[in-house]
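# Observations on the three-dimensional arrangement
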Amino acid sequence: MTETVATPEPEPAVDDLARHAQKMAKKKAARDRIMAGKEGEKGLIIVHTGAGKGKSSSGFGMILRCVAHGMPCAVVQFIKGAWDTGERRLITTHFSDLCQFHAMGEGFTWETQDKARDIAAARAGWEKAKQLIRDPSIRLVLLDEINIALRYDYLEIGEVLEFLKTEKPPLTHVVLTGRNAKEELVEAADLVTEMTLVKHPFRAGIKAQAGVEF
């Protein structure tokens, strides 16, 4: 039986290596010039919206970053606050000294089927959110699924924007998640990310999976 001997990959030509090094050096110099002009600090208004998955997940990722840096933070969950989620278990069990967690919602509107009750829950969540945002020791507040409450007009968008403009401490970050973010909120935000739905297993008849969806 004939043994097959692997052919070694050809090494890059010296000229190619030199060109690559020169190209990377130019990129680094350009990047350094850009970064040299970025000195200011600001508490950001951050919006995660869109039909795709990952809006809340990204917000909780920021919460965990704050925890890792020893920065006090807080979560107020609108709408889906009644769910037993992995994020809630992790934070309340292991990081409650750094992160307050307030589950204020009672489920989606088609589950409660009671508009007055939904509005009352959203208002209670917003009052708690204002209390947390006003506290300058809390560096980041995640308002999970508040965009849904705003979409259904359970909360007034003008009231929310006015509060963020006039009462949010200068270095406090506020993250607002949920589909269909109001245009006024998108305009006022410092950072907006829209998650695009390309493919989702739910459409193939697969239910929400623990560790992936909740």
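Our subject is the structure that appears above.
Definitions and cut-offs
- Residues numbered from 1 in each chain as written.
- Predicted model: local features only at pLDDT ≥ 70, side-chain atom pairs only at ≥ 80, totals over all residues.
- Heavy atoms only, no water.
- Buried < 20%, exposed > 50% of the residue type's maximum accessible area, 1.4 Å probe, protein only.
- Helix = DSSP H or I, 4+ residues; strand = E, 2+ residues; numbered from the N terminus.
- Pairing = 2+ DSSP bridges.
- Phe/Tyr/Trp six-rings, centres within 6.5 Å; stacked < 30°, edge-to-face > 60°.
- Lys NZ or Arg CZ within 6 Å of the ring centre and 35° of its normal.
- Contact = heavy atoms within 4.5 Å.
- Salt bridge = Lys/Arg side-chain N within 4 Å of Asp/Glu carboxyl O.

What follows deals with the pairing of strand 4 (residues 140–144). Of all 5 residues making up strand 4, 5 are buried, and the element is well covered by its neighbours. The side-chain alternation of strand 4 yields two buried faces, one formed by Leu140, Leu142 and Asp144 and the other by Val141 and Leu143. Where strand 4 meets strand 5 (residues 173–177), 4 bridges bridge the pair, whose relative direction is parallel. Within strand 5, the residue paired with Leu142 across the bridge is Val175.

Now for the packing of aromatic side chains. Tallied over the entire structure, the rule returns 3 aromatic pairs. Where Phe60 meets Phe101, the ring centres are 6.2 Å apart and the plane angle is 10 degrees; that geometry is what we call stacked. Of this pair, Phe60 sits in helix 2 (residues 55–68) while Phe101 sits in strand 3 (residues 99–103); the two residues are 41 residues apart in sequence, bridging distant segments of the chain. Since its relative accessible area comes to 5%, Phe60 is described here as buried. Overall, the relative accessible area of 15% leaves Phe101 in the buried class. For the cation-ring pair, Arg151 lies above Tyr152, with the distance from its terminal atom to the ring centre recorded as 5.3 Å.

Mapping His48 onto the fold places it in strand 1 (residues 45–49). Setting aside chain neighbours within four positions, we find His48 in contact with Lys55, Ser58, Gly59, Met62, Asn147, Val175, Leu176, Thr177, Gly178 and Thr193.

Two side chains that carry opposite charge are able to pair once their charged atoms sit near each other. Taken as a whole and assessed by the stated rule, the structure comprises 8 salt bridges. The partner of Asp16 in a salt bridge is Arg19, with the nearest N and O atoms 2.3 Å apart. Of this pair, Asp16 and Arg19 both sit in helix 1 (residues 14–36), 3 residues apart, roughly one helical turn. Residue Asp16 is classed as partly exposed on the basis of its relative accessible area of 39%. A salt bridge links Lys182 to Asp153, with the shortest nitrogen-to-oxygen separation between them at 3.3 Å. In this pair, Lys182 sits in the loop between strand 5 and helix 8 (183–188) while Asp153 sits in the loop between helix 6 (146–151) and helix 7 (157–166), placing the two residues 29 residues apart along the sequence. A relative accessible area of 22% means that Lys182 is categorised as partly exposed. The structure contains a network of salt bridges with shared partners spanning Arg123, Glu127, Lys130 and Glu159.

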